[in-house]
Amino acid sequence: MSGFEPEPIAIVGIGCRFPGGPDPLAFWKLLREGREAIREVPAERWDIDSLYDPDTAKPGKMMTRWGGFIDNVDGFDWRAFRIPPREVKYIDPQHRLLLEVAWEAFEDAGLPLEKVAGTLTGVFIGICWNDYLRLQARNWNVLDGYTASGNPFAFAANRLSYFFDLRGPSLAMDATCASSLASLNFACQSLWSGEVDMALAGGVNLMLSPDSTIIMSKAGILSPEGKVKALDKRADGFVRGEGGGIVVLKRQSDVLPSDKVYAYVRGVSVNHNGRNEWIMAPSQEAQARAIRTAYARAGVDPTEVDYVELHGTGFKRGDPIEVKALGEALGAGNRRENPIRLGSVKTNIGNLEAAAGIASLIKVALSLYYREIPPTLNLEEVNPEIPLAELGFAPQTTSGPWPVKAGKPTAGVTVVAFSGVNAHAVLEAAPVISSASQEEAGPYLLTLSARTPEALRETASRYKDFLVAEDMDTRLSLEEICYTAGVRRSHHEHRLAVVGQNRHELLDALEAYEEGRALPCGGAGQARSNKAYKTLFVFPGDGQAIGLELMAREQVFREVVEECDRLFRQAGGWSLIEELEEGSARDWPVETARTLPARFATQVALAALWKSWGVEPAAVAGQGAGEVAAACVAGMLSLKEAVEVIAFHSLMNDRRSFVQAIHPLPAALPFYGARAGKVARGQITEVTLWQDSIENCSVLDLAVADKYDCYLEIGISSPVRQEIEGSLKKAGQTSLVIPSLLPGRNEKYAMLSGLGKLYARGYRVDLAALWGAGKRCVTLPTYAWQRERFWLDGIEVNPSLSPEAPIVETSETEVSIISKLEAAPPAARREMLVSLVLGHARQVLELSPDQPLGPQQRLFDTGLDSLSAVQLRNRLQTSLERPLPAILVFDYPTVEALATFLETGVLFPRTATPAAEIALPGGQEWEVSLLSKITELSEDEAAAMLMEKLAALGGEEL
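It should be emphasised that the depicted structure is a prediction, and the values quoted were computed from it without experimental measurement.

What counts as what
- Residues numbered from 1 in each chain as written.
- Predicted model: local features only at pLDDT ≥ 70, side-chain atom pairs only at ≥ 80, totals over all residues.
- Heavy atoms only, no water.
- Helix = DSSP H or I, 4+ residues; strand = E, 2+ residues; numbered from the N terminus.
- Buried < 20%, exposed > 50% of the residue type's maximum accessible area, 1.4 Å probe, protein only.
- Contact = heavy atoms within 4.5 Å.
- Phe/Tyr/Trp six-rings, centres within 6.5 Å; stacked < 30°, edge-to-face > 60°.
- Axes fitted to C-alpha atoms, helices over the stretch in contact; angles between N-to-C directions.
- Parallel < 35°, antiparallel > 145°, perpendicular 65-115°, else oblique.
- Left-handed = near helix turned anticlockwise from the far one by under 90°.
- Nonpolar A, V, L, I, M, F, W, Y, C, P; charged D, E, K, R; others polar.
- Expected span 1.5 Å × (residues − 1).
- Pairing = 2+ DSSP bridges.
- 1 Å grid on protein atoms, 1.4 Å probe; cavity = no way out; pocket = protein on both sides within 12 Å on 5 of 7 lines; lining within 4 Å.
- Points joined across faces, edges and corners; volume = space filled by probe spheres on them.

Undergrad: Would you explain the overall build of the chain in this entry?
TA: Within the chain, the regular secondary structure consists of 38 helices and 27 strands. In the chain, which comprises 958 residues, the share counted as buried stands at 56%. Counting contacts in the chain only where the partners sit at least 6 residues apart, residues at least 24 apart contribute 78% of the total.

Undergrad: Help me understand the packing of aromatic side chains, please; the structure alone is not making it clear to me.
TA: To describe a pair of aromatic rings, one takes the distance between the centres and the angle between the planes. Within this structure, the stated rule accounts for 27 aromatic pairs. Three or more aromatic residues joined by ring pairs form one cluster here, namely Phe 76, Phe 81, Trp 103, Phe 106, Phe 163, Phe 164, Tyr 783 and Trp 785.

Undergrad: Please clarify how the packing of helix H33 (residues 826–845) against helix H36 (residues 895–907) should be interpreted in this entry.
TA: When two helices pack together, their arrangement is given by the angle between their axes and by how far apart the axes lie. One can describe the packing of H33 onto H36 by two numbers: an axis separation of 9 Å at closest approach and a directional angle of 125°. What the angle tells us is that H33 and H36 run oblique. As for the relative orientation of H33 and H36, their crossing is right-handed in sense. Taking contact as the criterion, the partners of Pro 826, Arg 829, Arg 830, Leu 833, Val 834, Val 837 and Leu 838 in H33 are, on H36, Val 895, Glu 896, Leu 898, Ala 899, Thr 900, Leu 902, Glu 903, Thr 904 and Leu 907. Here the contact of H33 with H36 is composed, by residue class, of 10 nonpolar, 2 polar and 4 charged.

Undergrad: Please explain helix H10 (residues 179–192) as it appears in this structure.
TA: An α-helical turn contains 3.6 residues, so any two residues separated by three or four positions project in the same direction. The terminal C-alpha atoms of H10 lie 20 Å apart, and with 14 residues this matches the ideal 20 Å at 1.5 Å per residue to within 8%. Buried residues dominate H10, accounting for 12 of its 14 residues. Along H10, the residues classified as buried are Ser 179, Ser 180, Leu 181, Ala 182, Ser 183, Leu 184, Asn 185, Ala 187, Cys 188, Ser 190, Leu 191 and Trp 192. Just downstream of H10 lies Gly 194, where phi reads positive at about 85°.

Undergrad: How do you make sense of the pairing of strand E20 (residues 535–539) when you look at a structure like this?
TA: Note on strand geometry: in a regular strand, side chains alternate between the two faces of the sheet. Of all 5 residues that make up E20, 5 are buried, and the element is covered over most of its length. On E20, burial covers both faces: Thr 535, Phe 537 and Phe 539 on one face and Leu 536 and Val 538 on the other are all buried. Relative to strand E23 (residues 710–716), E20 is paired through 4 bridges, and the arrangement is parallel. If you follow Leu 536 over to E23, its bridge partner there is Tyr 711. Relative to strand E21 (residues 619–622), E20 runs parallel, the two sharing 4 bridges. Following the sheet pairing, Leu 536 is matched in E21 by Ala 619.

Undergrad: Whenever I open this one, empty space enclosed by the protein confuses me. Can you help?
TA: Which parts of space are left empty comes out when a probe the size of a water molecule is rolled across the atoms. Taken as a whole and assessed by the stated rule, the structure comprises 6 cavities of 30 Å³ or more. Lining the largest cavity are 20 residues, and of these Glu 107, Ser 449, Tyr 463, Arg 489 and Ser 490 sit closest to its centre. Elements with a contribution of two residues or more to the lining of the largest cavity: helix H5 (93–108), strand E17 (444–450) and helix H17 (453–468). Class assignment for the residues of the lining of the largest cavity results in 11 nonpolar, 7 polar and 2 charged.

Encoded structure:
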């Protein structure tokens, strides 16, 4: 790449779980406040009192009591990820953590999960310890097929690609402490080459067993004091830390105007020491070479560097070598107005080993984004072997603003692995986004969702706290918050929508939901997957003609009214808009010559606005003048024709039926109850014209009989709404009834409240159309995980002399199932077998009682896969004492189908075949013993035996 300056790579999303920093905002707060997240080993990890000994020569002991730990590493929200509990228990908690932070990184980037599915996105993950696999290996009885897919390093990356449906390269890499910065290098290379359009890069490290800490203790590299003292003369090693982090990367040319960009990666370099004095010994020459290469590739002058995030593990020999390598590579001590600031995040959270590089990268990206450098801790006196001033460096010991200069803020990130790998990344600041101007007057629609009711309730609580947090980014406006939540987040099945004129009203609505009280606006509900909703637009013949607020704020509404105004000028020589403006103080329900035109224009403009938000009618219904608006929206009348009808009636003050006036048109309008056929014009296939009664049956009753999911009143709330609700109640239906406008309320507030109700019920509304262009994606609370503990029984953290778990014997009830089935009447056998299959399926998947599993449900839709399908077959085979095909569940994928096959195809065949022979085409016969043998073989073995038998019988042509 010599002489080639690559396109900057944008960091557009961050997900992280670090000690003391469970998300990017909390992590940044920890850093800028200069707090340390090192603590004693938690009791739930291992018994530190029995394992600690300061004597590093003591076998089986660790010489430190400290570490940077995160909470709930054994917890996982299996419902959110839809992975059955049985499989979850075998998945390394490191892989589970990566699933969470990858999801959160996509959220932070404003990338809904359905938008990234199927994309050419690469996944590059650093990982180097496998504590969970070693725990399982202590007890062979707990090993399982899921061990194979739950623990190898490859699945740390591959499971992300699988779950999010990402189609680019998917690689896990182990370069010890350089692993995650190496993942950044490969991610950027993949983006620069055009191999992928987007990439995830990151790393993970969890301390699940004392083994690895004992190993590191014996290597003599841990601080007995439990503090990382980077650059300090007291440096005595590092403290182990844990956590995980992932960044979402895009090429600069692919960044959207609305994207949030934390920083740009300009260049990355990775190399190895080669043959050194010892494999774990650092090499100043190799480190300097990696740094020079990174800046050369980036096309960045080293004199532009303001700050370097050191590896900074706190070694008396390693720290001086690292700083001298920097000085050798940057070589700018006498040409720099201000010294390069140095720091190390390890003084806050410890050395995260495989995740060390991503922790450093995220720290620097946040520092560039907020234009502030947080302090490095535990530095009392600089190691005399480190000539900071001579090399042009200075330690960053207090929090301060990023240095002001003419060029762009620039930083470096260095990682030095004890395996001999060195890596350096060059980062550059993105342009500062100016503070939001004065917040536009509401109302605002805030939409939230989750995959369970509990998660939704916690999400509402998090947003409530977020909106009042004193440390919330002051650059965020309500408009940006609601835009990001509505347009840049996934919409799950459990939903909440609240409307407010300001923060106070939104908070009141969120608090009402959190406390289980009635919502003052919007709605809450559950979306039904793959539901095609039918909406009836109802156009009343009365109600006020309003819309001045919508005229001022909604372009779609205004354009329709302006077109109506133009047409009414042509038809009657007067201005509709002037009438609306002058009539704002009138008592509009009193009919005047201008009332019908104003009401008509309001209705067709409201319908157009609803449709622009994605709410399309399946049918329309009209009453009085509303008949004409309904016909126009249905495409039965052009807007010009409809205006002429309305203008004529207004001019003549004609009280004849509007149906009579428009009936002579070529496309006659159908009636409920007296259908003249359905007219297929435009997208609407049905127009209902209202009459008080047709053959003693209300037209509204007839509409309700056709079972629409929503009745949307196109106008201000009128008596029609009560009629609809009455007809629905009489029919025993629970459809939504929504007015477009409400008396005494801001016009857009009422419409947003209705839109929120539709969203909460699962309608595919177009929330992006609410905001238009110019909004930016901002950082919001992440998904509210509802974690449960998942840990394999039979694996112990502390070593045991007899670790073997007892082998579970088949119960007496299962052994006697055959006799019970034989004794049961034929009518009861199917029910018994369904119950048997359901029971085994639940046990194999380890489903909780609240997880539905019905006889007709496809087992593979509940999380069953090839491994658990074989386990289900094996359990059934043992219970029924009969050989069963290896692909049993694939051929019979529902509980009902399985039970039917077991009854009629295995246990109680409906057609008996002589025991001695089974007839074949051509008069040949099969031995029953051969059939029995085939059922015991694998698919390949059975196929080979069948082909051999057919060949011997001369049946190759069959």
